[in-house]
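Take a look at the letters that make up each chain.
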Amino acid sequence: MGNRATMLRYLPFLLVLAVWIYAFIDVLNTPEKEVRHLPKVVWVIIVLLFGEVLLGPIAWFVTGKVRNAPGGGGSVRGGRGGQWVAPDDNPEFLKSLRDEDPDEKKKD
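The structure reproduced in this document is the subject of the present report. Everything quoted here is computed from the prediction, not taken from an experiment.

This part covers the environment of Leu 55. With respect to the secondary-structure elements, Leu 55 resides in helix 3 (residues 55–64). According to the relative accessible area criterion, Leu 55 is exposed, its value standing at 55%. The spacing of Leu 55 and Trp 20 is 35 residues in sequence and 9.6 Å in space, taken between C-alpha atoms.

In structure tokens:
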């Protein structure tokens, strides 16, 4: 049972580390135009410096990024309300493939 107690002792540290890493990667992957209030570089520094106490990641999640409401209106891209759609599920992409007829190119 001592092994389980040791694992539980490290669980809070691992959870903080996971949130810290997730926030850092989220900041890096967010386009500059979706970053609010501060430049992206400043958000990276805030998340890195204050990640141990979760202040940086929480500040990023709450105020740093433009977040769309789930199911909200907006432009429809691929039929899923602006969400990313895999190419094989995207009707616009599939239509563009059908428009490119390889036999037609050979005739030219």
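Now for the packing of aromatic side chains. Taken as a whole and judged by the stated rule, the model has two aromatic pairs. Considering the side-chain rings of Tyr 22 and Phe 61, the 5.8 Å spacing of their centres and the 35° angle between planes classify their relative orientation as tilted. Residue Tyr 22 is found in helix 1 (residues 2–29), and its partner Phe 61 is found in helix 3; the two are separated by 39 residues along the sequence. Since its relative accessible area comes to 54%, Tyr 22 is described here as exposed. According to the relative accessible area criterion, Phe 61 is partly exposed, its value standing at 27%. Ring centres of Trp 43 and Trp 60 lie 5.5 Å apart, and the angle between their planes is 65°; this geometry places the pair in the edge-to-face category. Remark: Trp 60 occurs in helix 3 and Trp 43 occurs in helix 2 (residues 40–49); sequence separation between them is 17 residues. Assigned by exposure class, Trp 43 and Trp 60 land together as buried.

Calculation rules
- Residues numbered from 1 in each chain as written.
- Predicted model: local features only at pLDDT ≥ 70, side-chain atom pairs only at ≥ 80, totals over all residues.
- Heavy atoms only, no water.
- Helix = DSSP H or I, 4+ residues; strand = E, 2+ residues; numbered from the N terminus.
- Buried < 20%, exposed > 50% of the residue type's maximum accessible area, 1.4 Å probe, protein only.
- Phe/Tyr/Trp six-rings, centres within 6.5 Å; stacked < 30°, edge-to-face > 60°.

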